[in-house]
Amino acid sequence: MLTNSDIETLEDILFAEPWGEDALDFFGLHGVVCASVVGPVSLAAEDIFRLATGADELPDGKLPEIFTRCITQMTRDMAQALDMGQPLELPEPEDGDPMNALENWCAGFVDTFLEHEESWLEEADEDEVADLMVPMLTLSGLFEDEDFQNVRNDAALSDRMAEAIPDSLTDLYLLFHAPD
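Residues numbered from 1 in each chain as written. Predicted model: local features only at pLDDT ≥ 70, side-chain atom pairs only at ≥ 80, totals over all residues. Heavy atoms only, no water.

An unreviewed UniProt entry lists the chain under the name YecA family protein, with Marinobacter excellens HL-55 as the source organism.

If you want it as structure tokens, here you go:
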């Protein structure tokens with residue numbers, strides 16, 4: 001489990017120059033790590049860093065040790081929870097807008113999915129993956145689709161989509177990681 005200090009340090013790294021303007025926040029980073037855990041492509045810390053920051057270059061040619069340690073811890077915690085049959089808990093903001101935090105989380109998750117979409121759709125039933133991705137795709141705010149916008153504009157529908165995410169994550173994990 002990450003400490004508040006770990007999370008603050010991660011955000012300091014994410015929002016550092018020169019990539020800080022394009023970087024995801026901690027919620028988006030959590031979404032990237034979660035997609036790496038539940039999906040068919042397990043990403044290295046360097047790949048997670050690149051997805052979360054949009055940076056092509058690593059800082060000083062290597063990742064900060066604390067970033068690698070935190071990503072490893074998050075990955076292990078998520079996989080262990082899923083292996084034990086527990087639903088994943090998404091991080092909650094201590095203050096601010098929970099829907100904005102959820103949108104950022106979904107955007108990180110969806111960006112990672114899109115980066116490796118071919119693998120996600122080749123290694124499992126495409127329709128099943130698409131159905132399980134609907135809550136994250138809808139709430140990510142990445143698509144101008146009218147149906148997605150209508151759901152996002154309806155608080156009750158948005159809440160239902162948000163409530164469906166833990167089950168979708170578990171089902172995606174089982175789809176890609178359960179023995180046949």
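Let's pick the thread back up.
A. The arrangement of the packing of helix α5 (residues 98-115) against helix α7 (residues 126-139) in detail. Orientation of α5 relative to α7, taken along the N-to-C sense of each, is 135°, at an axis distance of 7 Å. Looking at the two axes, α5 sits oblique to α7. Crossing geometry of α5 relative to α7 is assigned as left-handed. In contact with M99, L102, E103, W105, C106, F109, V110 and F113 of α5, α7 contributes V129, M133, P135, M136, L137 and L139. Per-class residue counts for the contact of α5 with α7 are 13 nonpolar, no polar and 1 charged. (Axes fitted to C-alpha atoms, helices over the stretch in contact; angles between N-to-C directions. Helix = DSSP H or I, 4+ residues; strand = E, 2+ residues; numbered from the N terminus. Parallel < 35°, antiparallel > 145°, perpendicular 65-115°, else oblique. Left-handed = near helix turned anticlockwise from the far one by under 90°. Contact = heavy atoms within 4.5 Å. Nonpolar A, V, L, I, M, F, W, Y, C, P; charged D, E, K, R; others polar.)

B. Layout of the environment of V151. Structurally, V151 can be placed in helix α8 (residues 146-153). A relative accessible area of 15% places V151 in the buried class. In this structure the C-alpha to C-alpha distance between V151 and C70, which are 81 residues apart in sequence, comes to 34 Å. What V151 contacts, discounting residues up to four positions off in sequence, is T138, L157, S158 and M161. (Buried < 20%, exposed > 50% of the residue type's maximum accessible area, 1.4 Å probe, protein only.)

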